[in-house]
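# Structural characterization, general
If you want the building blocks of each chain, they are given just below.
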Amino acid sequence: LSLSTWLRDYVYFPLGGSRGGPARTYFNLMVVFVMCGLWHGATWAWLAYGLYNGVLMSLHRAWDQWLAVGRAGAGLP
């Protein structure tokens, strides 16, 4: 069992995963990545690592959704 699988199964999914709308999904991602950073070490640097990666993953997910809406509006697959 890897750390990412454990975080997905025991933190992200119980929080609701991506089922509660975009804001809830971004919140869930932030919680998971902050926990990942704290698992690596309980210092400010690892907390910043978790926050940084959580923000990047949230932005990536928002960008993908924005592109999907644009493609759907243009009639593209």
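Up top is the structure these notes are about.
Residues numbered from 1 in each chain as written. Predicted model: local features only at pLDDT ≥ 70, side-chain atom pairs only at ≥ 80, totals over all residues. Heavy atoms only, no water.

## A closer look at the overall build of the protein chain
In terms of regular secondary structure, the protein chain is built from three helices and zero strands. Secondary structure elements of the protein chain occur, N-terminal to C-terminal, as α-α-α. Rg of the C-alpha trace for the protein chain: 15 Å, well past the compact-globule value of 11 Å for 77 residues, more than 25% over. Projected onto the principal axes, the alpha-carbon positions of the protein chain cover approximately 50 × 25 × 20 Å. Long-range pairs, those at least 24 residues apart, make up 41% of the contacts in the protein chain between residues at least 6 apart in sequence. As presented, the protein chain carries roughly 5,400 Å² of accessible surface, and 70% of it is formed by carbon and sulfur atoms. (Helix = DSSP H or I, 4+ residues; strand = E, 2+ residues; numbered from the N terminus. Rg over C-alpha atoms; globule rule 2.2 N^0.38 Å. Contact = heavy atoms within 4.5 Å. Areas by Shrake-Rupley, 256 points an atom, 1.4 Å probe, with all protein chains shown as cover.)

## Overview of a nonpolar patch on the surface
The grouping of Leu1, Trp6, Tyr10 and Met35 at the surface amounts to a nonpolar patch, some 490 Å² of accessible area in total. Here Tyr10 is to be found in helix α1 (residues 3-15). Residue classification places Tyr10 among the exposed positions, given a relative accessible area of 54%. (Patch = residues over 30% accessible without salt bridge, like charges linked within 9 Å, V, L, I, M, F, W, Y side chains within 5 Å. Salt bridge = Lys/Arg side-chain N within 4 Å of Asp/Glu carboxyl O. Buried < 20%, exposed > 50% of the residue type's maximum accessible area, 1.4 Å probe, protein only.)

## Some thoughts on the nonpolar core
Counting six residues, the largest nonpolar core is built from Leu7, Val11, Tyr12, Leu29, Val32 and Cys36. Elements that contribute at least two residues to this core include exactly α1 and α2 (22-40). Discounting residues that sit within four places of it in the chain, Leu29 has contacts with Tyr12, Met57, Ser58 and Arg61. (Core = buried A, V, L, I, M, F, W, Y, C linked by side-chain atoms within 4.5 Å.)

## Things to note about the pattern of salt bridges
In the structure shown here, the tally under the stated rule is one salt bridge. Two residues, Arg8 and Asp9, come together in a salt bridge whose shortest N-O distance is 2.9 Å. For Arg8, a relative accessible area of 41% puts it in the partly exposed group. Overall, the relative accessible area of 28% leaves Asp9 in the partly exposed class.

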